[in-house]
Amino acid sequence: MMLENETPARRQNSQLHPLFRDRYFVSGITLLIILGVLAVFAPWLTAHSPDEMDLYGIEAPPSSEHWLGTDEIGRDVLARLLYGGRVSIMVALAAVFFQAVLGLLLGSIAGYKSGIADMLIMRVTDIIMCFPFYAMAITLAAILGASSWNVILIIGVLHWTGIARLVRAELLSLRESGYVQAAKSMGVNSFTVIYRHLLRNAYAPIIVNLTLAVANAILAEAALSFIGLGVKQPQPSWGNMLSAAQSNRVIDYEWWLWVPPGLTIVLMVLAINFIGEGLSRVLNPRPAVPIKDIHLT
């Protein structure tokens, strides 16, 4: 029975999942879906190939034929932007998957086993975190060479430390719980205890951390590709499209070569950060702090 002061719209809103009532999550997921659809349906959204060159229209401004103009060798900027989204998103997701596997595995061992295993894993973590990320990334990229797979490897190897420390901290706080001790006393193996009883109860901060890691991976790929150590030309990515902005002439007079990929990176990172903020607010709600009456004397 509907309450007297309850409108149908309010009743429908109360039945929605809490995530879809959070304005940050809804804004972020909407923007992410739009960018993802543009990347997935790139062949149907542009009549040009990302590698097709128009030698009569080099560095041409936006027109009816090339909506975002052409680059320094006559390739359609819009086509490269849409196809480049596929590469940038794929690299970011693959890198985060790699770092998630490493971080969850090593963090679980350190948090559950403790002792020598914990000490060794945490010392390796501290050593990696002591070095600036981009200094290490540039060094490894120069050694391994520029390619999509090397970027995935570099980001995964250098970024797993944060998730490992988070998982370790969560497991240290949960491993002495009654249900964990009960499972151990019943002879449940360590893998099952970690997976079914520990990680499942620590999933909220882990999901939020991995969500934000995707944004960091997109920025890392863009930075490495910008200096020529990431995704190699002619394969498009948002990062190597931005490399055109290294010229003062392009920055001053040919905005269509660097504004679209730069703006797309900003929107993608903003969308992922909004999703992470929404997940954090819903999965890890902060308890309200009661405001006590202040009596002035």
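In the annotation of an unreviewed UniProt entry, the entry for the chain reads ABC transporter permease, and the organism field reads Rouxiella silvae. What UniProt records for the chain under Sequence similarities (unreviewed entry) is the sentence "Belongs to the binding-protein-dependent transport system permease family."

Draft legend 1. Structural detail: the packing of aromatic side chains. Under the criterion given, the structure shown has five aromatic pairs. Measuring from centroid to centroid gives 5.8 Å for Phe20 and Phe25, while their planes differ by 85°, and the two rings are edge-to-face. By relative accessible area, which is 8% here, Phe25 ends up buried. Between the aromatic rings of Phe133 and Tyr134, the centroid separation amounts to 4.9 Å while the plane-to-plane angle is 75°, which identifies the pairing as edge-to-face.

Draft legend 2. Looking closely at helix H6 (residues 133-144). Taking 1.5 Å per residue as the helical rise, H6 with its 12 residues ought to reach 16 Å, and the 16 Å between its terminal C-alpha atoms agrees with that figure. Among the residues of H6, those classed as buried are Phe133, Ala137 and Ala141. Around the axis of H6, the buried residues are gathered within 55° of arc, so they sit on the same side. Looking at H6, the residues exposed on the side facing more than 90 degrees away from the buried face are Ala142 and Ile143. Looking at the buried positions of H6, the neighbouring elements they touch are helix H7 (148-174) and helix H10 (203-226). A positive backbone phi angle near 100° is found at Gly145, which sits one or two residues after H6.

Draft legend 3. The UniProt feature "transmembrane region" (unreviewed entry) in the chain, seen in detail. Using the residue numbers shown here, the UniProt feature "transmembrane region" (unreviewed entry) corresponds to residues 24-45, 87-112, 124-143, 206-231 and 255-276. What you have in residues 87-112 is 100% helix and 0% strand, and the ends, taken at the C-alpha atoms, are 37 Å apart.

Draft legend 4. Up close: unusual backbone geometry. Here the bond from Gln233 into Pro234 is cis, since omega is 10°, no more than 30 degrees from zero. In this fold, Pro234 is placed in the loop between H10 and helix H11 (238-242). With a phi close to 55°, Glu59 is a non-glycine residue in the positive phi region. Mapped onto the fold, Glu59 is located in the loop between helix H3 (42-45) and helix H4 (77-113). Among the residues examined, Glu59 registers a relative accessible area of 21% and is labelled partly exposed.

Draft legend 5. Examining the environment of Asn216 more closely. In this fold, Asn216 is placed in helix H10. With a relative accessible area of 43%, Asn216 lands in the partly exposed category. Expressed as a C-alpha distance, the spacing of Asn216 and Val96, which sit 120 residues apart in the sequence, is 9.2 Å.

Draft legend 6. A look at the nonpolar core. Ile155, Leu171, Leu198, Ile206, Ile218 and Ile265 are the most contacted members of the largest nonpolar core, which has 57 residues in total. Among the elements of the structure, H4, H6, H7, helix H8 (178-185), helix H9 (190-198), H10, H11 and helix H13 (259-283) are those that each provide at least two residues to this core. Apart from the residues within four sequence positions on either side, Ile206 is in contact with Leu104, Ile163, Leu166, Val167 and Leu199. Phe25, Val208, Ile275 and Leu279 belong to the second largest nonpolar core, which has five residues in total.

Reading guide: rules and limits
- Residues numbered from 1 in each chain as written.
- Predicted model: local features only at pLDDT ≥ 70, side-chain atom pairs only at ≥ 80, totals over all residues.
- Heavy atoms only, no water.
- UniProt positions renumbered as here; feature names shortened; annotations may be inferred.
- Phe/Tyr/Trp six-rings, centres within 6.5 Å; stacked < 30°, edge-to-face > 60°.
- Buried < 20%, exposed > 50% of the residue type's maximum accessible area, 1.4 Å probe, protein only.
- Helix = DSSP H or I, 4+ residues; strand = E, 2+ residues; numbered from the N terminus.
- Expected span 1.5 Å × (residues − 1).
- Arc of directions from axis to C-beta.
- Contact = heavy atoms within 4.5 Å.
- Core = buried A, V, L, I, M, F, W, Y, C linked by side-chain atoms within 4.5 Å.

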